[in-house]
Amino acid sequence: VEYMKKNLTSVHPMWLEPLEVPGGDRQSPIDISVRKSVFDPNLKPLVAQYDPRTCQQIWNNGYSFLVEYDDTTDKSTLRGGPLEDQFRLCQFHFHWGENNDWGSEHTVDRNLYPAELHLVHWNADKYALFEEAVMEENGLAVIGVFLKVGKTHEGLQKLVDALPAGSVVEFTKFDPSCLLPESINEYWTYAGSLTTPPLTEAVTWIIMKQPIEVSHNQLAVFRSLLFTSAEEGVQKSMVNNFRFQQPLKDRTIRSSFT
Ligand SMILES: NS(=O)(=O)c1cc(F)cc(F)c1
Ligand SMILES: [Zn+2]
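The following paragraphs examine the structure supplied in this document. (Residues numbered from 1 in each chain as written. Chains lettered and ligands numbered in written order. Predicted model: local features only at pLDDT ≥ 70, side-chain atom pairs only at ≥ 80, totals over all residues. Heavy atoms only, no water.)

Some words on the overall build of the protein
Rules: Comment: elements are numbered from the N terminus, with helices defined as DSSP H or I runs of at least four residues and strands as E runs of at least two. The classification of residues rests on relative accessible area computed with a 1.4 Å probe and restricted to protein chains. Under 20% of the type maximum is buried, over 50% is exposed, and intermediate values are partly exposed. Any two residues whose heavy atoms approach within 4.5 Å at even a single point are treated as in contact. Here, Shrake-Rupley sampling with a 1.4 Å probe gives the accessible areas, and only protein chains in the shown set may cover a residue.
Within the protein, the secondary structure is distributed over four helices and 15 strands. Out of the 258 residues belonging to the protein, those deemed buried represent 52%. Counting contacts in the protein only where the partners sit at least 6 residues apart, residues at least 24 apart contribute 74% of the total. When the accessible surface of the protein is totalled, it reaches about 12000 Å², and 53% of it is carbon and sulfur.

In structure tokens form, the structure reads like this:
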């Protein structure tokens, strides 16, 4: 009960974020109110085709750790679902808390998960580079997968063993589909933004209903990473790298399931 009293404002992300982004009417993350979401029978099955050979490296960007993919060809792609175009996987990363009581960015009926995976893709039918797409309203598609504490995730262990990824560490032949839940066709989707600066409103979010299970120890390794702190010498553990929830405003959350 103690932690319930610990007001989350003391658990604040490392960058001082503006409370409201100027003109931000589609900011992320949000709470997904199940009863407010609208079933859309026209949503197609999601088609994620990832080639493990495009996995290149893993590194700590000071705020999370990223696993980066070669996105110079259409080898690892996402299409279908709410998407009109074909998107290329460029990286995935996670957000987590200092304990198992919080850490996810999105919530479901205000329920927090200890961590959340983001698989980031950019619209390669319309743009030539991620850097371009990140400024456009239909530029990115991010799959969000909740992590909950349970059995050890065998596929994740290869990644956990490669941490702490200080600068850039070669990391290859990792198929990120192993991080997707069984039923990838039960998801919520809405129009949102990046959850870290530049916070651009470029993201079609696709949030999986089914979480994946990881062990307490695997999450503990995430928490053993370090933020890149401004002042030398001070080492802060990389935890609570999530953004606070943003107003839904005039948006509808669609579900692919009833
Ligand atoms: N956390 S997020 O998925 O919205 C995200 C993705 C990205 F490619 C760059 C960012 F700065 C943030
Ligand atoms: Zn993210």
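Moving on from the coordinates now.
Details of the site of ligand 1
Note the threshold: Definition of nearness: a residue and a molecule or strand are near each other if at least one heavy atom of the residue lies within 4 Å of the molecule or strand. N or O atoms within 3.5 Å of each other form a polar contact, as long as, within protein, one can give a hydrogen and the other can take it, and as long as residues adjacent in sequence are counted only when both atoms are side-chain atoms. Residues are called lining when one of their atoms sits within 4 Å of a cavity or pocket point, these points coming from a 1 Å grid over the protein atoms alone, where a cavity is a set in which a 1.4 Å probe fits but cannot get out and a pocket is an open set with protein on both sides within 12 Å along at least five of seven lines. More than half of a molecule's atoms lying within 2 Å of a cavity's or pocket's grid points is what places that molecule inside it. Residue polarity is assigned by list, with Asp, Glu, Lys and Arg as charged and Ala, Val, Leu, Ile, Met, Phe, Trp, Tyr, Cys and Pro as nonpolar; anything else, Gly included, falls into the polar class.
Residues in close proximity to ligand 1 include Gln 91, His 93, His 95, His 118, Val 120, Phe 130, Val 142, Leu 194, Thr 195, Thr 196, Pro 197 and Trp 205, which together make up its full environment. One of the side-chain nitrogen or oxygen atoms of His 93 is found 3.2 Å away from a nitrogen atom of ligand 1. Relative to its unbound accessible area of 320 Å², ligand 1 is 90% covered by the protein chains. In a pocket analysis with a 2 Å cut-off to the grid points, ligand 1 is assigned to the largest pocket. If you list the elements that add at least two residues to the shell around ligand 1, you get β7 (87-96) and β9 (115-123). For the shell around ligand 1, the class distribution of residues is six nonpolar, six polar and no charged.

Things to note about helix α4 (residues 216-223)
So the rule is basically this: By construction, the arc corresponds to the directions joining the helix axis to the C-beta atoms.
Along α4, the residues that are buried comprise Gln 218, Leu 219, Phe 222 and Arg 223. Take α4 and look down its axis: the buried residues cluster within an arc of 150°, on one side only. For α4, the secondary structure elements touched by its buried residues are β5 (65-69), β7, β9, β10 (140-149), α3 (154-162) and β14 (212-214).

Observations concerning the side chain of Asp 31
By the element assignment, Asp 31 lies in strand β1 (residues 31-32). A polar side-chain atom of Asp 31 sits 2.7 Å from a polar atom in the side chain of Thr 107. Engagement of the side chain of Asp 31 in a polar contact is seen with the backbone nitrogen of Arg 110, the distance being 2.7 Å. Those residues in contact with Asp 31, other than ones at most four positions away along the chain, are Thr 107, Val 108, Asp 109, Arg 110, Gln 245 and Ile 253.

Here's the deal with the side chain of Asn 240
Relative to the assigned elements, Asn 240 resides in the loop between α4 and β15 (254-255). A polar contact is formed between the side chain of Asn 240 and the side chain of Glu 98, at a distance of 2.6 Å.

Description of the coordination of the zinc ion (ligand 2)
Applicable threshold: Only nitrogen, oxygen and sulfur atoms qualify as donors, provided they sit within 2.8 Å of the metal or within 3.2 Å for Na, K and Ca; with water excluded from the atoms, sites may seem incomplete. A four-donor site is classed as tetrahedral when every donor-metal-donor angle falls between 85 and 135 degrees; four donors are called square planar, and six octahedral, when trans pairs exceed 155 degrees and all remaining angles lie between 65 and 115, with any other arrangement labelled irregular.
Looking at the zinc ion (ligand 2), one finds its protein donor set to be His 93 (NE2), His 95 (NE2) and His 118 (ND1), positioned 2.0 Å from the metal centre. Taken together, the four donor atoms coordinating the zinc ion (ligand 2) and their angles of 99 to 118° define a geometry best described as tetrahedral. Donor residues binding the zinc ion (ligand 2) come from one chain and are separated in sequence as H-x1-H-x22-H. Placement of the pair is His 93 in strand β7 and His 118 in strand β9, with a sequence separation of 25 residues.

Remarks on unusual backbone geometry
Backbone torsion omega between Ser 28 and Pro 29 reads 0°, so that peptide bond is classified as cis. Relative to the helices and strands, Pro 29 resides in the loop between α1 (2-5) and β1. Geometrically, the link from Pro 197 to Pro 198 is a cis peptide bond, its omega value of 15° lying close to zero. Here Pro 198 lies in the loop between β12 (187-192) and β13 (203-208). The phi angle at Lys 173 is positive, at roughly 50°, despite the residue not being glycine. You can see Lys 173 is positioned in the loop between β11 (169-170) and β12. Classification of Lys 173 by relative accessible area gives exposed; the value is 61%. Positive phi values are uncommon outside glycine, yet Leu 199 reaches one of about 60°.

With respect to the pairing of β9
Quick note on the threshold: Any two strands with at least two DSSP-identified bridges between them are counted as paired.
Most of β9 is tucked away: nine of the nine residues are buried. Of the two faces of β9, both are covered, the one formed by Ala 115, Leu 117, Leu 119, His 121 and Asn 123 as well as the one formed by Glu 116, His 118, Val 120 and Trp 122. Across nine bridges, β7 lies against β9 in antiparallel orientation. Of the residues in β9, the one forming a bridge with Leu 89 is His 121. The sheet contact formed by β9 and β10 spans eight bridges and is antiparallel. Pairing of His 121 across the sheet is with Ala 141, part of β10.

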